[in-house]
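# Topology and contacts: notes
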Amino acid sequence: MLEFVTRWYKDKFSDPQAVTLLFILIGLWALIYFAGGLLAPLLVALVLAFLLEWPVAQMSRIGVNRTTGASLMLVLFAGIVLLMVFGLVPSLWKQGMSLLTELPAMLDKGMGYLQELTQKYPQYVSADQVIAMETELKRMLDTQHLLDIGKQILGFSASLLVLMVYTILVPLLVFFFLKDKEELIRGSKRFFPTNRELARKVWGEMNQQIFNYIRGKVIEIIIVGAVSYVFFALMGLRYSALLGVLTGLSVLIPYVGATLVTLPIALVGFFQWGFSPEFGYLMLGYGIIQALDGNVLVPLLFSDAVDLHPVIIIAAVLVFGGLWGFWGVFFAIPLASLVKAVVNVWPRNHPVDKSDGDSSAGSGIPDKAVSE
């Protein structure tokens, strides 16, 4: 057993560059995991600067200096964000409050429907199950329970001061990241070992993929959300703006998000129309939107960014979402692609069977990684 472990260790970690890459990855993971909360403004600013770097670089190519380009892009981005916040958030808040107000009546209607089912189909739905469900729903809508929720909301509101600080810090950080990009990169290289060729290859493979993924995900959210809202509004579905936004945001969690958002859409449609042709048209149209998103839009937007099996994507969402919450879910696919890139470039010290399609041997890098 000891001999096997020793042979495996020499095979995987005899190359100094592999050890360097491993320590860089562990260091970055530990920094984000243990200090992610403290560094949240910095990390958000890095993501935004990464997204805005491409237009700034294009302006630099046509003669616009980086200071002017960074200022223009920051003003444009801030304007878009403010337009969305003041134009969309009030409508969503109003519909959300209306939905919460009507929720007890909707639940009463649903319980009445379940009681009818106990009379028609007692062998499938028992009265005891309906009573237990009704008791639990009443407990959830109890005044004290609502007060606890209100306390949580007030606790969140207490962090608005922190949010205001972030509102000032993040734009400043984004501006300096864009303006002084080259200088900051040169300064950061001092903290990394010199033999980082493998790390450079991993970053070279991931750089464009991450940009394509984030850009594609933003475009997908906008398209799916807008199309869903238009469809819901044409159907006359209540809370169409709120449900459209939820549908757009559901694409953040591949496979799982679409499943979760289907429930509120189906419930609102059912309580509005019951089992009627309108309800059937609603679910059919929603299903078509999801099908077009998965089979047309996603391949167009992510053909160069995502080459992962669905099982790996779901596992990445669960693992990284558990580690870093929302940002872990949002970057689950790039992080899974990072793991794949590391595996591709990791050196091998043993001959590989030619039947595997990889003839690389020794301490070299796999041909696939080199070609990429």
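Residues numbered from 1 in each chain as written. Predicted model: local features only at pLDDT ≥ 70, side-chain atom pairs only at ≥ 80, totals over all residues. Heavy atoms only, no water.

### Focus: the nonpolar core
In terms of nonpolar packing, the biggest core is built from 32 residues, with L21, V202 and I214 touching the most fellow members. Elements that contribute at least two residues to this core include exactly helix 2 (16-35), helix 9 (197-235), helix 12 (277-302), helix 13 (310-330) and helix 14 (332-345). Top element by residues in this core is helix 9. It accounts for nine residues. Residues in contact with L21, not counting those within four places in the same chain, are L198, A199, V202, V342, V345 and W346. (Core = buried A, V, L, I, M, F, W, Y, C linked by side-chain atoms within 4.5 Å. Buried < 20%, exposed > 50% of the residue type's maximum accessible area, 1.4 Å probe, protein only. Helix = DSSP H or I, 4+ residues; strand = E, 2+ residues; numbered from the N terminus. Contact = heavy atoms within 4.5 Å.)

### Side note on the packing of helix 2 against helix 9
Relative to each other, helix 2 and helix 9 sit at 60 degrees, their axes nearing to 7 Å. On the basis of their axis angle, the class for helix 2 and helix 9 is oblique. Contacts between helix 2 and helix 9 involve Q17, A18, L21 and I24 from the first element and E197, L198, A199 and V202 from the second. (Axes fitted to C-alpha atoms, helices over the stretch in contact; angles between N-to-C directions. Parallel < 35°, antiparallel > 145°, perpendicular 65-115°, else oblique.)

### Brief notes about the side chain of Q95
Of note, Q95 is situated in helix 4 (residues 66-120). Residue class for Q95 comes out buried when judged on its relative accessible area of 18%. In this view, Q95 contacts Y239, S240, A241 and L242; residues no more than four positions away in its chain are not counted.

### Concerning the UniProt feature "transmembrane region" (unreviewed entry) in the chain
Per the UniProt annotation, the sites labelled "transmembrane region" (unreviewed entry) are residues 20-51, 72-93, 153-178, 218-239, 251-271, 283-302 and 308-333. Helix makes up 88% of residues 308-333 and strand 0%, and the two end C-alpha atoms of the span are 8 Å apart. (UniProt positions renumbered as here; feature names shortened; annotations may be inferred.)

### Topic: unusual backbone geometry
In this model, Y239 sits at a positive phi of 60 degrees, which is unusual for a non-glycine residue. Among the secondary structure elements, Y239 is positioned in the loop between helix 9 and helix 10 (240-249). Y239 sits in the buried class, given a relative accessible area of 7%.

### Remarks on the pattern of salt bridges
A full pass over the atoms with the stated rule returns four salt bridges. Across the pair R66 and E53 runs a salt bridge, and its minimum N-O distance is 2.7 Å. Pair noted here: R66 is in helix 4 and E53 is in helix 3 (residues 40-61), with a separation of 13 residues, a long-range link. The salt bridge partner of D180 is K179, with a shortest N-O separation of 3.0 Å. Of the residues examined, K179 reaches a relative accessible area of 29% and is grouped as partly exposed. Salt bridges sharing partners connect three or more residues here, namely E53, R66 and K181. (Salt bridge = Lys/Arg side-chain N within 4 Å of Asp/Glu carboxyl O.)

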